[in-house]
Amino acid sequence: APQWRGVIEEYRDRLPVGAATPVVTLREGGTPLVPAQVLTERTGCDVHLKVEGANPTGSFKDRGMTMAISQAKESGARAVICASTGNTSASAAAYAVRAGLTCAVLVPQGKIALGKMGQALVHGARILQVDGNFDDCLTLARALSEKYPVALVNSVNPARIEGQKTAAFEVVDALGDAPDIHVLPVGNAGNITSYWKGYREYREDGPATRTPRMWGYQAAGAAPIVRGEPVKEPSTLATAIRIGNPASWELAERARDESGGHIEAVTDRQILRAYKLLAAQEGVFVEPASAASVAGLLQAAELGLVDAGQRIVCTVTGNGLKDPDWAVAGAPQPVAVPVDADAAAERLGLA
Ligand code: F0G
């Protein structure tokens, strides 16, 4: 079989690209849709995980970034900028390298995972640590892109939404139709907006006969959409979704309402429990924010909101390797042994 070509070439006729658009790609997308054995058993549903950590820079952001950077390049931009809780900056930095563009990133001081910082650094981005949270970073990035010759590649850029909608296409292509429910974490709310757009387009003139209900989950300490007002000091261990005033707030509400879905909150405890379940029982290592979708599904099941037999897809948005602190914390320590088979066997309980 030919190699997967990346989301622009795979879905060119459904994306705003022309013959002259320079396609900047790392062959993102084409990610695994993995049947979730334990979640299927627990809920009585047919649960699948869309494993977006398998993208080139380890998160779903690459789908949007291939579009945003290709368009920036086409428009003659020399530099791009983004605000980020870590994944957007890692992705922007990598795709900017491919395009030969300068990349500037604004991150909240002390609140991004080390792996993501390492990615931006090694790809040569100019990193500014802002004395503020993500929302402040986005305000600053917008101001800079309005005043100076630098293209904004956050999801307020429509190209990002276009690229990210391809994940919904892939789900339908894999399952033969849309699922009953699609569950995902919500931070700046670009991704839930993107999936909803993708599902709608595939029903209107594509292979899907229906659309799923969209279920979004915010972290309880950073849940502005659930509360109905911005959160000034958002707080959660899931730093990727530590956002108090999402840019795509209204579009997320539209996705929720038009699909007959909901946007609710899960606590950090629930997030960590789902994070450990995914790693220890499904074999899928995600970053904490990604586990918010699965924490939400488990919460909904406990509340009796999940009917047996439904087909459910949970997007797990980023790779666990980006933020391993939570995997190491509280885990049993590795055991030191001499180079001696009997001693090793005894420690392993084999002897
Ligand atoms: N999961 C992960 C791993 C993320 O990095 C993000 C957002 C989300 C979920 C939420 O997606 O913002 O579209 O609702 N990360 C952005 C960033 C904010 O800067 O990397 P969303």
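Note that the coordinates shown come from a computational prediction; the quantities given were computed from them, not determined experimentally. All residue numbers refer to position in the chain's written sequence, counted from 1. Local features in this predicted model are restricted to residues of pLDDT 70 or higher, and side-chain atom pairs are both shown and tallied only at a pLDDT of 80 or more, whereas totals for entire chains, interfaces and linings draw on every residue. Hydrogens and water molecules were not included; the side-chain quantities draw on all heavy atoms of the structure.

Draft legend 1. Here's a closer look at the UniProt feature "domain: Tryptophan synthase beta chain-like PALP" (unreviewed entry) in the chain. UniProt positions are given in the numbering used here, feature names are shortened, and annotations may be inferred rather than shown by experiment. On the UniProt side, "domain: Tryptophan synthase beta chain-like PALP" (unreviewed entry) is annotated at positions that read residues 24-318 here. Secondary structure elements are defined from DSSP: runs of H or I of at least 4 residues count as helices, runs of E of at least 2 residues count as strands, and each element is numbered from the N terminus. Here residues 24-318 runs as 45% helix and 17% strand, with 21 Å between its end C-alpha atoms.

Draft legend 2. Structural view of the site of the ligand. Lining the immediate environment of the ligand, one finds 19 residues, of which Thr85, Gly187, Asn188, Ala189 and Thr317 sit closest. Between the ligand and Thr85 there is a distance of 2.8 Å, counted from an oxygen atom to a backbone nitrogen or oxygen. Ala189 is positioned such that a nitrogen or oxygen atom in its backbone is 2.7 Å from an oxygen atom of the ligand. Methods summary: accessible areas were calculated by the Shrake-Rupley approach with a probe of 1.4 Å, and residue burial reflects only the protein chains presented. For the ligand, whose accessible area on its own is 480 Å², the fraction buried by protein is 99%. The definitions used throughout rest on a 1 Å grid laid over the protein atoms alone, on which a cavity is an enclosed set of points accommodating a 1.4 Å probe that cannot get out and a pocket is an open set flanked by protein within 12 Å on both sides along at least five of seven lines; lining residues are those having an atom within 4 Å of a point. Being in a pocket or cavity means that more than half of the molecule's atoms lie within 2 Å of its grid points. Among the detected pockets, the ligand sits in the largest cavity. Of all the secondary structure elements, the ones that give two or more residues to the shell around the ligand are helix H4 (87-99) and helix H9 (190-205). Here the nonpolar group is Ala, Val, Leu, Ile, Met, Phe, Trp, Tyr, Cys and Pro; Asp, Glu, Lys and Arg are the charged ones; every other residue, Gly included, is treated as polar. Taken together, the residues of the shell around the ligand break down into seven nonpolar, ten polar and two charged. Whether a residue is near a molecule or strand depends on its heavy atoms: if one lies within 4 Å, it is near. As used in this structure description, the phrase polar contact means that two N or O atoms lie within 3.5 Å; if the pair is within protein, one of them must be able to donate a hydrogen and the other to accept it, and residues adjacent in sequence are counted only when both atoms belong to side chains.

Draft legend 3. Representation of the sheet that holds strand E2 (residues 46-51) within the structure. Pairing between strands requires that DSSP locate at least two bridges from one strand to the other. Taken in spatial order, the six strands of this open sheet run E1-E2-E10-E7-E8-E9, and their pairing is mixed. Lying at the two open borders of the sheet, with one neighbouring strand each, are strand E1 (33-35) and strand E9 (262-266). Strand-to-strand twist across the sheet, computed as the mean angle between neighbouring axes with direction ignored, equals 25°. In terms of strand pairing, E1 meets E2 through three bridges, oriented antiparallel. If you follow Leu33 over to E2, its bridge partner there is Lys50. Set on the sheet, helix H12 (residues 268-282) makes contact with E1, E2, strand E8 (213-219), E9 and strand E10 (311-316); between it and E9 the angle comes to about 90°. With axes taken as lines fitted to C-alpha atoms, and helix axes fitted only over the stretch in contact, angles between N-to-C directions fall between 0 and 180 degrees. Contact between two residues is taken to exist if any of their heavy atoms lie within 4.5 Å; hydrogens are not considered.

Draft legend 4. Here's a closer look at the pairing of strand E7 (residues 181-185). Partly exposed residues are those whose accessible area sits between 20% and 50% of the maximum for their type, while under 20% is buried and over 50% is exposed, using a 1.4 Å probe and protein chains only. The buried count for E7 comes to five of five residues, which makes it a mostly enclosed element. Judged by which residues are buried, E7 turns out to be covered on both faces: Ile181, Val183 and Pro185 on one side and His182 and Leu184 on the other are all buried. Here E7 runs beside E8; their pairing, made up of five bridges, is parallel. Looking at E8, one finds that Ile181 is bridged to Arg213. Orienting the strands away from the viewer, one traces the path from the first strand over the helix to the second; a clockwise path indicates a right-handed crossover. As a crossover connection, the stretch from E7 through H9 into E8 is right-handed. Pairing between E7 and E10: three bridges, direction parallel. Bridge pairing in E10 links Val183 to Cys314.

Draft legend 5. Local environment of unusual backbone geometry. Although it is not a glycine, Arg27 sits at a positive phi angle of roughly 60°. In this structure, Arg27 sits in the loop between helix H1 (7-10) and E1. Relative accessible area serves as the criterion here: at 40%, Arg27 is assigned to the partly exposed category. Even without being a glycine, Ala189 presents a positive backbone phi close to 75°. With respect to the helices, strands and loops of the structure, Ala189 is situated in the loop between E7 and H9. A relative accessible area of 4% means that Ala189 is categorised as buried.

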